[in-house]
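Chain and residue survey
Letter by letter, the chains look like this.
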Amino acid sequence: MREYPQIELSEWTKVGEGFNGQAFVSDAHPGVMLKLVTSDMGSAQKVEQEFYAAKTAFDMGLPTPEMYEIVRNGKDHGYLCQIIEGKKSFARLCADAPDRIPEYAAMMAEYGKVLHNTPIVPNDYVVPMKTLLHDALIASSIVTDEQRERLSALVDAMPETQNCLHGDFQPGNIILAGGQHYWIDLGWLSQGWYMMDLAHLYKMTVEDSMIPQVQDLTHMTQQQMVDFWNAFAKAYTGTDDVEALNNELRPYAALDIVRTCFLHPMNNAQLIAFLKNRIIQDLS
């Protein structure tokens, strides 16, 4: 593992804080944002994954901030990237103007379809989704053998596709600024079938929408998240039968839980029990 340059936080002003870290700006570095990832997520390996996956997206022409350099502050690592002035996430836009949720959901559907029809070449940091899912299922301790067999068959049956998946496809990870949209937080960028991105969004905005931490993350109420999903699903698929789509997505939502636990291991017994129960429900 290479050593990355040390940054002096005294030169930077904190402008935001999220689940995985903090954002800083500096008059000495105009147009640049420092994202410092903290705790166990701040290891060099995990920051490299986020940095180089996002760099892959930028280099292939996807609308995303440019990535500049990996840095560290003690044991915590982070990176310097392009700052997008005047940005607001779709989640924040929806929270600020709930009456426009159908409009923003339809916009995310439009941009999502473009993303999901963009070919991507796998590399060390962008893994095919089917490969990732099989690895996650082999390693998983939250599924039974019967569930593992059923989910493995589901993965095998997925169509082969060379197209982009965001990996953390949700309204907090697409921003608007100056009439331009940008995808952010691309550490889980992948190659595969669009239904896995849709399952991730469905799980967050419907199945997990009653969880206070999810409401805090999206700035939206449970009903607002459900409304967002319903509008998104109709715009993305052209269907009026959203419940039929939900039923189709539930097994993929179970796969998404297994993938998430693989990429972001958890040791909270209460949360693990909740996720096991959710998998049972999704596969029922």
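**Notes on the packing of helix α5 (residues 145–156) against helix α9 (residues 242–263)**
- Close contact between α5 and α9 brings their axes to 10 Å; oriented N to C, the two are set at 105 degrees. Overall, the two elements α5 and α9 adopt an arrangement that is roughly perpendicular. Listed contacts from α9 to Leu151, Leu154 and Val155 of α5 are Pro251, Tyr252, Ala254, Leu255 and Val258.
- For the contact of α5 with α9, the per-class residue count stands at eight nonpolar, no polar and no charged.

**A closer look at the environment of Gln82**
- Tracing the sequence through the fold places Gln82 in strand β5 (residues 76–82).
- A residue is classified by how much of its surface remains accessible, and Gln82, at 25% relative accessible area, is partly exposed.
- With 17 residues separating them along the chain, Gln82 and Pro65 place their C-alpha atoms 5.3 Å apart.
- Every residue in contact with Gln82, bar those within four places of it in the chain, is listed here: Gly31, Pro65, Glu66 and Tyr68.

**Here's the deal with the side chain of Thr56**
- Structurally, the position occupied by Thr56 is in helix α1 (residues 44–59).
- Its relative accessible area of 15% is what places Thr56 among the buried residues.

**A word on helix α6 (residues 195–207)**
- Burial analysis of α6 places twelve of its 13 residues in the buried class, which makes it a mostly covered element.
- Residues Met195, Met196, Asp197, Leu198, Ala199, His200, Leu201, Tyr202, Lys203, Met204, Thr205 and Glu207 constitute the buried set of α6.

**Observations regarding the packing of aromatic side chains**
- For the coordinates displayed, the defined rule picks out twelve aromatic pairs.
- Between Phe90 and Tyr104, the aromatic rings sit 6.0 Å apart at their centres with planes inclined by 65 degrees, giving edge-to-face as the arrangement. Of the two residues, Phe90 sits in helix α2 (residues 90–96) while Tyr104 sits in helix α3 (residues 101–116), which places them 14 residues apart along the sequence. Of the two residues, Phe90 and Tyr104, both sit in the buried class.
- Among the aromatic residues, those joined into a ring-pair cluster are Phe169, Trp183, Trp193, Tyr194, Tyr202, Trp229, Phe232, Tyr236 and Tyr252.

**Here we look at the pattern of salt bridges**
- Per the counting criterion, the structure on display carries 15 salt bridges.
- Through salt bridges with shared partners, one network takes in Lys203, Glu207, Asp208, Asp256, Arg259 and Arg278.

**Brief notes about the pairing of strand β9 (residues 174–177)**
- Because side chains alternate across β9, one face comprises the buried residues Ile174 and Leu176, and the other comprises Ile175 and Ala177, equally buried.
- Here strand β6 (residues 88–89) pairs with β9 via two bridges, running antiparallel. Note on β9: the bridge partner recorded for Lys88 is Leu176.
- Between β9 and strand β10 (residues 180–183), which pair antiparallel one after the other, the connecting turn spans two residues, and Gly178 there sits at a positive phi close to 60 degrees.

**A look at unusual backbone geometry**
- Even without glycine at this site, Asp185 takes up a positive phi of about 50 degrees.
- Relative to the helices and strands, Asp185 resides in the loop between β10 and β11 (190–191).
- With a relative accessible area of 34%, Asp185 lands in the partly exposed category.
- Residues other than glycine seldom take positive phi values, yet His219 does so here, at roughly 65 degrees.
- Here His219 is to be found in the loop between α7 (212–218) and α8 (222–237).
- The exposure class assigned to His219 is partly exposed, which follows from its relative accessible area of 33%.

Scoring rules and cut-offs
Residues numbered from 1 in each chain as written. Predicted model: local features only at pLDDT ≥ 70, side-chain atom pairs only at ≥ 80, totals over all residues. Heavy atoms only, no water. Axes fitted to C-alpha atoms, helices over the stretch in contact; angles between N-to-C directions. Helix = DSSP H or I, 4+ residues; strand = E, 2+ residues; numbered from the N terminus. Parallel < 35°, antiparallel > 145°, perpendicular 65-115°, else oblique. Contact = heavy atoms within 4.5 Å. Nonpolar A, V, L, I, M, F, W, Y, C, P; charged D, E, K, R; others polar. Buried < 20%, exposed > 50% of the residue type's maximum accessible area, 1.4 Å probe, protein only. Phe/Tyr/Trp six-rings, centres within 6.5 Å; stacked < 30°, edge-to-face > 60°. Salt bridge = Lys/Arg side-chain N within 4 Å of Asp/Glu carboxyl O. Pairing = 2+ DSSP bridges.

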